[in-house]
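Listed here are the chains, written in short residue letters.
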Amino acid sequence: MIKFKKFILALTIASISSSLLFAESGLSIMKKVLDRDDGDNIIANMQMQLIDKKGHKRIRDMKTYSKDYGNDEKKVIFFLSPSDVRNTAFLTFDYADDSKDDDQWLFLPALKKTKRIPSSDKDSSFMGSDFTYGDMVDPNLDDYTFKVIKESYVKRKSGKNKVWVIERTPINQDVIDETGYIKSIAYVRQDNYMITRAKHFLKKSGRVKYMDVKKIQQIDGIDTAIITTATTKKGRRTLHKTILINSDIKMNQDLKDNLFTIRTIEKGI
Amino acid sequence: VLKNISLSFITSILLASNLNASDGFDDDGGFDDETIEIVSIKPSSHNFDIYGFVDYSINTDLHNKHDISSSKISTNIKMEYKYDKNIKFKSTIKNYSDFSTNINNDYDIYDINELTLNVKLDEESDFTFGRQIIVWGKSDNIRITDKINSLNNTTPGIVDIEDLRRGRLLSKLDFYNGNWTYSGIFMHEARFSLLPEPGSDYYNPQLFSKAIRKGPSDNDGNFAFSASGNFQGQDIVFYFLKDYVDNTSFKSRMTAVAYNKVINSFSLKSELSYNDNYENNNVDSVVDSMLGIEYNGISDGSLSFEVANKNNTIQYATRYSQSFLNQTLDVSLLHSSYKKNGSGGGFTRLWSDYAINDSISLSTGLIYYHSGSNILFDSIKNNDRFFTSIKYNF
């Protein structure tokens, strides 16, 4: 019995000290992830390949523009193809101030109308992909607790990267309902504070979504995600997959303020 | 040169992604190794584009021995030409051919529904001339302020949204100042709503006879103005319109406001208009109003409810839309009714759209018309029907 108590004590001490072992806390790392220089005044082409469980593929081509305003960000996305979504455009103002809801408008050419979209609608699919509207904006760190689980390596053929494996837990049910994620595991690269992989446990019937930055490229000295996949699985079975490919990325462009307006999404560029 | 650079960049990505084909994964499984193929990357801009769809639809009457009441091919061709970064041309040409009826329709078989020249005058102003569609208001289901374009009402409740509004020859001047957009619109054409024609199942001579709809003799002095403000969490628009009342020969003046605000997952919408029928002494001026709420907290779905007082009649609209299978299947239900407890009549429509792939989609649905004291719905109550269509997008 004494041996057993000693074992429990040792286990408790070990688990406490393991959380103290990491030089940085999960929150501190995640703040650095958000504060990382990810470029400004960016123009890019974006392609989404939507692949269903039978391997049937649908393609969405887009052009994106984004600009930082201090810690706020404005972004506009134009859909180029296929033809039934052509000229659809999405405008979003992502506010750093957590007390302000983001502004989002969607121009629907078939309706000839711009609709304001509630920004709390974060768990809906972004244009049929495995990415949600919530995945397209920075998370509110106050909505989560972060815990460094361990340090590890993500190994790829191009090399291996040391990462922190961080568990992200929503602070309440409202956050779960809003984002659709019960819990997430993020793999943050220690050399550049990029999330290279993430595993999201979905509220929906035991599904898990795997997000993986497959290719990173330095553009104007900034590490930039070129190919990212999001795969929704139930057990080992793939339900749907999205491959997001960025190309023709140009940073530090002279993007005027009036690009990020309803005028632009309605008239096109 | 840019295209060549772009091509070499794409090639380099392609090569690089093939090199990544056998990536490993860390000690937590579930992440896949795969070959990523870049299918196509569109050039960043085109000067000329042509696209659109061909649609074949069948409507089956659920009464009247399940007759096919419509068997129609529609073509919708859109063209866009960008002369330079400030000058653009756009057009939408439509064609309808109905094989099943002997409708004596005098509406356009070939219809240039939109043909516009858009000129960016400077950083603060645009000018658009041509046949165009301008949608006013915040409501999705009940039209209070959305009066500039008339509608295709030949098959009430069934017309596809892309075919619903009729373009109109207009000049439009837009000024942009901060959060506000000011638009002045001058009408050069009176184009009224299409109604069921003799031969159509929906035709009722008491309601739709040409003898009782009068066109305008001229189109002098019709104009509109709007001031639209977009702010954090809310939008507001003020309207003024002097124009013909649809399918009549007299004019009305409308002064209106529309407002919407987002609170969490809810979008609140409201519209209020004062309609001064100053050219028709037999019709009193009327105040129309609409209140609506849309809930977007449903994953991949939305639920909305609107109630309006339009032409002194209460009108309700409830809509539920839900997407499935990563938005390849959309299912919607719309119930619209008039007067308290629906005693005026109305309709219920249930339909689905399924995208087989990026080019081909199938639509199918049912519409039930509810009879009531409203003469329109009493007249068309026996036109419940099943409708289906296949669309090829190109």
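Residues numbered from 1 in each chain as written. Chains lettered and ligands numbered in written order. Predicted model: local features only at pLDDT ≥ 70, side-chain atom pairs only at ≥ 80, totals over all residues. Heavy atoms only, no water.

Caption draft 1: Representation of the overall build of chain B in the model. Per the secondary structure count, chain B includes four helices and 18 strands. For chain B, the proportion of its 394 residues judged to be buried stands at 46%. Counting contacts in chain B only where the partners sit at least 6 residues apart, residues at least 24 apart contribute 50% of the total. Entry remark: accessible area of chain B is about 19000 Å², with carbon and sulfur atoms responsible for 57%. (Helix = DSSP H or I, 4+ residues; strand = E, 2+ residues; numbered from the N terminus. Buried < 20%, exposed > 50% of the residue type's maximum accessible area, 1.4 Å probe, protein only. Contact = heavy atoms within 4.5 Å. Areas by Shrake-Rupley, 256 points an atom, 1.4 Å probe, with all protein chains shown as cover.)

Caption draft 2: Highlighting the overall build of chain A. When its secondary structure is counted, chain A shows four helices and 13 strands. At 20 Å, chain A has a C-alpha radius of gyration in line with the 18 Å of a compact globule built from 269 residues. Classification of the 269 residues of chain A by burial places 57% in the buried group. At a minimum sequence separation of 6, the contacts of chain A that also span at least 24 residues come to 46%. Here chain A displays about 12100 Å² of accessible surface, and carbon together with sulfur accounts for 53% of that area. Where the 49 positive side-chain charges of chain A centre and where its 37 negative ones centre are 10 Å apart. (Rg over C-alpha atoms; globule rule 2.2 N^0.38 Å. Lys, Arg positive; Asp, Glu negative; His and termini not counted. Charge placed at Lys NZ, Arg CZ, Asp CG, Glu CD.)

Caption draft 3: The interface of chain A and chain B, seen in detail. Counting from both sides, the interface comprises 76 residues of chain A and, opposite them, 81 residues of chain B. Between chain A and chain B, roughly 6400 Å² of surface is buried when both sides are summed, and carbon and sulfur atoms account for 44% of that area. Interface area lost by chain A to chain B is led by Arg116(A), Arg263(A) and Lys267(A), which between them contribute 12%. Applying the counting criterion to the chain A and chain B interface returns 12 salt bridges. (Buried area = accessible area lost by both parts, 1.4 Å probe. Salt bridge = Lys/Arg side-chain N within 4 Å of Asp/Glu carboxyl O.)

Caption draft 4: Focus on the nonpolar core. Residues and elements named next belong to chain A. Core analysis: the biggest nonpolar cluster contains 18 residues, and Met48, Met62, Ile77, Phe79, Phe90, Phe126 and Met127 have the highest contact counts within it. Here this core gets three residues from one element, more than from any other, and that element is strand E1 (residues 42-52). The contact partners of methionine 48, leaving out residues within four places of it in the chain, are Arg58, Ile59, Arg60, Met62, Phe126, Met127, Ser129, Thr242, Ile243 and Leu244. Among the nonpolar cores identified, the runner-up in size contains 15 residues, and Val76, Phe93, Leu255 and Leu259 belong to it. (Core = buried A, V, L, I, M, F, W, Y, C linked by side-chain atoms within 4.5 Å.)

Caption draft 5: Region of interest: the packing of aromatic side chains. Tallied over the full model, the rule gives 21 aromatic pairs over all chains. When the ring of Tyr144(A) is compared with that of Phe146(A), the centres are 6.1 Å apart and the planes differ by 50°; the resulting orientation is tilted. Where Trp180(B) meets Phe238(B), the ring centres are 6.5 Å apart and the plane angle is 15°; that geometry is what we call stacked. Of this pair, Trp180(B) sits in strand E7 (residues 180-187) while Phe238(B) sits in strand E9 (residues 234-244); the two residues are 58 residues apart in sequence, bridging distant segments of the chain. (Phe/Tyr/Trp six-rings, centres within 6.5 Å; stacked < 30°, edge-to-face > 60°.)

Caption draft 6: How the structure looks around the environment of Ser70(B). Residues and elements named next belong to chain B. Here serine 70 shows up in strand E2 (residues 68-82). Of the residues examined, serine 70 reaches a relative accessible area of 9% and is grouped as buried. Serine 70 sits 76 residues away from aspartate 146 along the chain, and the two C-alpha atoms are 29 Å apart.

Caption draft 7: The arrangement of a positive patch on the surface in detail. Residue and element names in this part refer to chain A. A cluster of basic residues, Lys53, Lys54, Lys234 and Arg237, forms a positive patch at the surface. Among the secondary structure elements, lysine 234 is positioned in strand E12 (residues 222-234). A relative accessible area of 36% places lysine 234 in the partly exposed class. (Patch = residues over 30% accessible without salt bridge, like charges linked within 9 Å, V, L, I, M, F, W, Y side chains within 5 Å.)

Caption draft 8: Examining the confidence of the model for chain B more closely. For chain B, the average pLDDT comes to 86, and 85% of its residues sit at 70 or higher. Here residues 1-27 of chain B is modelled with pLDDT under 50, and outside its nearest four sequence neighbours on either side it reaches 46 contacts, counting other chains as well. (pLDDT = per-residue confidence, 0-100.)

Caption draft 9: A look at helix H2 (residues 26-35) of chain A. Residue and element names in this part refer to chain A. Of all the positions in H2, only Gly26, Ile29, Met30 and Val33 are classed as buried. Across the axial projection of H2, the buried residues extend over an arc of 95°, all falling on one side. Next to the buried residues of H2 lie strand E7 (144-156), strand E8 (159-170), strand E9 (181-189) and strand E10 (195-202). (Arc of directions from axis to C-beta.)

Caption draft 10: Examining the side chain of Lys233(A) more closely. Relative to the elements of secondary structure, Lys233(A) occurs in strand E12. A relative accessible area of 5% means that Lys233(A) is categorised as buried. Within the local environment of Lys233(A), its side chain forms a polar contact with the side chain of Asp32(B), the two groups lying 2.7 Å apart. In this structure Lys233(A) touches Gly206(A), Arg207(A), Val208(A), Tyr210(A), Thr238(A), Leu239(A), Gly30(B) and Asp32(B), once residues within four positions along its chain are discounted. (Polar contact = N/O pair within 3.5 Å; in protein donor to acceptor, adjacent residues only side chain to side chain.)

Caption draft 11: Main features of the confidence of the model for chain A. Of all residues in chain A, 91% have pLDDT values of 70 or greater, and the mean over the chain is 89. Low pLDDT, under 50, characterises residues 11-19 of chain A; the stretch is placed with zero contacts to residues that sit more than four places away or in other chains.

Caption draft 12: Structural view of the environment of Met127(A). On the secondary structure map, Met127(A) appears in the loop between strand E6 (113-116) and E7. The class for Met127(A) is buried, based on a relative accessible area of 14%. Ignoring sequence-local partners within four residues, the contact set of Met127(A) consists of Met48(A), Leu50(A), Arg60(A), Phe79(A), Val85(A) and Gln327(B).

Caption draft 13: Local environment of the pattern of salt bridges. Residue and element names in this part refer to chain A. Under the defined criterion, the tally for this structure stands at 40 salt bridges over all chains. Of the charged contacts in the structure, one is a salt bridge between arginine 116 and aspartate 103, with a shortest N-O distance of 2.7 Å. With a gap of 13 residues between them, arginine 116 in strand E6 and aspartate 103 in strand E5 (residues 103-108) connect regions that are remote in the sequence. When sorted by exposure, arginine 116 lands in the same class as aspartate 103, which is buried.

Caption draft 14: Fine view of the side chain of Glu80(B). Here Glu80(B) lies in strand E2. At 3.4 Å, the side chain of Glu80(B) forms a polar contact with the side chain of Arg86(A). Engagement of the side chain of Glu80(B) in a polar contact is seen with the side chain of Asn87(A), the distance being 2.6 Å. Discounting residues that sit within four places of it in the chain, Glu80(B) has contacts with Arg86(A), Asn87(A), Asn47(B), Phe48(B), Asp49(B), Tyr51(B), Phe89(B) and Lys90(B).

Caption draft 15: Representation of unusual backbone geometry. Following Ser81(A), the chain continues into Pro82(A) via a peptide bond in cis, with omega recorded as 5°. Here Pro82(A) lies in the loop between strand E3 (72-81) and strand E4 (89-94). Phi at Leu325(B) takes a positive value of approximately 50°, unusual for a residue other than glycine. Tracing the chain through its elements places Leu325(B) in the loop between strand E14 (313-324) and strand E15 (329-338). With a relative accessible area of 58%, Leu325(B) lands in the exposed category. Even without being glycine, Asn341(B) reaches a positive phi, approximately 60°. Here Asn341(B) shows up in the loop between E15 and strand E16 (345-355).

Caption draft 16: Geometry of the pairing of strand E1 (residues 48-61) of chain B. Of the strand pairs in this sheet, E1(B) and E2(B) are connected by 13 bridges, and their pairing is antiparallel. By the bridge assignment, Thr60(B) is partnered in E2(B) with Ile68(B). (Pairing = 2+ DSSP bridges.)

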